[in-house]
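# Geometric and topological summary
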Amino acid sequence: MNIFRILGDVSHLLAMIILLVKIWRSKSCAGISGKSQILFTLVFTTRYLDLFTTFISIYNTVMKVIFLVCAYITVYMIYVKFQKTFDREHDSFRLEFLLVPVTGLSFLENHSFTPLEILWTFSIYLESVAILPQLFMISKTGEAETITTHYLFFLGLYRALYLANWIWRYHTENFYDQIAVVSGVVQTIFYCDFFYLYITKVLKGKKLSLPMPV
């Protein structure tokens, strides 16, 4: 395991903790896209089915369980515990626009045509676009709370660090996973504009705002 993967996992975990703490402390899920959280939960569920079939390491198993638990707790808090604060009006992204093409692509382009492999591939493709409902929601409201932007920053940083992880593995292990790398690049591209706004506005104490849709 290399430092880029460890830092990526830490950044990912930190993002999830920031989101959970934000919701719990404020007793509100305002500004949070429940649809994005459903997609991320689906990502973890379909990706980590190998928990029942393959043991890689204690670290790997623990991290997978933590991500699954955090994801399901987040969805529970949004749709059950604090559902009255959920902004359904602005969280209006049509999930079928992502799920249908991702499902089709996972059947067409995968490493092997087996159930677990297709589900793993589905999770990789879906993760690359799972943040879109959240970004769409921010564009509709016009701005985001500072704590929400911190969550998004660490989520984007996790993906950027994982790209560095793939580059490192290619040079040290001659290992290259085209599906994971291409999907990671696509996901990182979605965060580029946000990274710029985060650095130029949020870190200077200003509120992050995105152009309102016409």
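These remarks concern the structure in this document. (Residues numbered from 1 in each chain as written. Predicted model: local features only at pLDDT ≥ 70, side-chain atom pairs only at ≥ 80, totals over all residues. Heavy atoms only, no water.)

## Overview of the overall build of the chain
For the chain, the helix and strand inventory stands at 8 helices and 2 strands. The helix and strand sequence of the chain, counted from the amino end, reads α-α-α-α-α-α-β-α-α-β. Against the globule reference of 17 Å for 214 residues, the chain gives a C-alpha radius of gyration of 17 Å, in line with a compact fold. Across its three principal directions, the C-alpha atoms of the chain cover 45 × 35 × 35 Å. Within the chain, counting contacts between residues at least 6 apart in sequence, those at least 24 apart form 77% of the total. Entry remark: accessible area of the chain is about 11100 Å², with carbon and sulfur atoms responsible for 69%. The distance from the centre of the 18 positive side-chain charges to the centre of the 14 negative ones in the chain is 9 Å. (Helix = DSSP H or I, 4+ residues; strand = E, 2+ residues; numbered from the N terminus. Rg over C-alpha atoms; globule rule 2.2 N^0.38 Å. Contact = heavy atoms within 4.5 Å. Areas by Shrake-Rupley, 256 points an atom, 1.4 Å probe, with all protein chains shown as cover. Lys, Arg positive; Asp, Glu negative; His and termini not counted. Charge placed at Lys NZ, Arg CZ, Asp CG, Glu CD.)

## Considerations on helix α7 (residues 146–173)
Counted at 1.5 Å a residue, the expected span for α7 with its 28 residues is 40 Å, and the 40 Å between its end C-alpha atoms agrees. Immediately downstream of α7, the backbone of Asn174 shows phi near 55 degrees, a positive value. (Expected span 1.5 Å × (residues − 1).)

## Focus: unusual backbone geometry
Note: most residues except glycine have negative phi, and most peptide bonds are trans. One non-glycine residue with positive phi stands out, namely Lys27, at about 55 degrees. Inspection of the secondary structure assignment puts Lys27 in the loop between α1 (3–26) and α2 (34–47). Residue Lys27 is classed as partly exposed on the basis of its relative accessible area of 43%. In this structure, Asn174 is a non-glycine residue whose phi angle is positive, near 55 degrees. Position of Asn174 among the secondary structure elements: in the loop between α7 and α8 (178–200). (Buried < 20%, exposed > 50% of the residue type's maximum accessible area, 1.4 Å probe, protein only.)

## Let's talk about helix α6 (residues 132–141)
Taking burial as the measure, the 10 residues of α6 include 7 buried ones, the bulk of the element. Three or more residues of α6 are buried, namely Leu132, Pro133, Gln134, Leu135, Met137, Ile138 and Ser139. Just beyond α6, the residue with positive phi is Gly142, at close to 95 degrees.

## Section: the pattern of salt bridges
Per the counting criterion, the structure on display carries 6 salt bridges. Residue Arg169 is joined to Glu173 by a salt bridge in which the shortest nitrogen-to-oxygen separation is 3.3 Å. A residue pair is termed a helical-turn pair when its members lie 3 or 4 positions apart in one helix, as Arg169 and Glu173 do in helix α7 at 4 residues. Linked through salt bridges whose partners overlap, the residues forming this network are Arg47, Glu127 and Arg159. (Salt bridge = Lys/Arg side-chain N within 4 Å of Asp/Glu carboxyl O.)

## Observations concerning the packing of α2 against helix α5 (residues 115–129)
Taken N-terminus to C-terminus, the directions of α2 and α5 make an angle of 155 degrees; their axes are 8 Å apart at the nearest point. As far as their axial angle goes, α5 and α2 are roughly antiparallel. The handedness of the crossing between α2 and α5 is left-handed. Each of Leu39, Phe40, Leu42, Val43, Thr46 and Arg47 in α2 lies in contact with α5, whose residues at this interface are Leu119, Trp120, Phe122, Ser123, Ile124, Leu126 and Glu127. Within the contact of α2 with α5, the residues separate by chemical class into 9 nonpolar, 2 polar and 2 charged. (Axes fitted to C-alpha atoms, helices over the stretch in contact; angles between N-to-C directions. Parallel < 35°, antiparallel > 145°, perpendicular 65-115°, else oblique. Left-handed = near helix turned anticlockwise from the far one by under 90°. Nonpolar A, V, L, I, M, F, W, Y, C, P; charged D, E, K, R; others polar.)

## Some remarks on the packing of aromatic side chains
Applying the stated rule across the entire model yields 11 aromatic pairs. Seen from their ring centres, Tyr170 and Tyr176 are 6.3 Å apart, and the 75 degrees between their planes marks the pair as edge-to-face. The exposure class assigned to Tyr170 is partly exposed, which follows from its relative accessible area of 43%. Looking at Tyr176, the relative accessible area reads 48%, which means it is partly exposed. (Phe/Tyr/Trp six-rings, centres within 6.5 Å; stacked < 30°, edge-to-face > 60°.)

## What to know about empty space enclosed by the protein
If you walk through the whole model with that rule in mind, you get 1 cavity of 30 Å³ or more. In this structure, the largest cavity occupies an estimated 100 Å³ of space. Among the secondary structure elements, those contributing two or more residues to the lining of the largest cavity are α1, α2, α3 (58–81) and α7. Per-element tally for the lining of the largest cavity: the top contributor is α2, with 4 residues. Here the residues of the lining of the largest cavity sort into 7 nonpolar, 4 polar and no charged. (1 Å grid on protein atoms, 1.4 Å probe; cavity = no way out; pocket = protein on both sides within 12 Å on 5 of 7 lines; lining within 4 Å. Points joined across faces, edges and corners; volume = space filled by probe spheres on them.)

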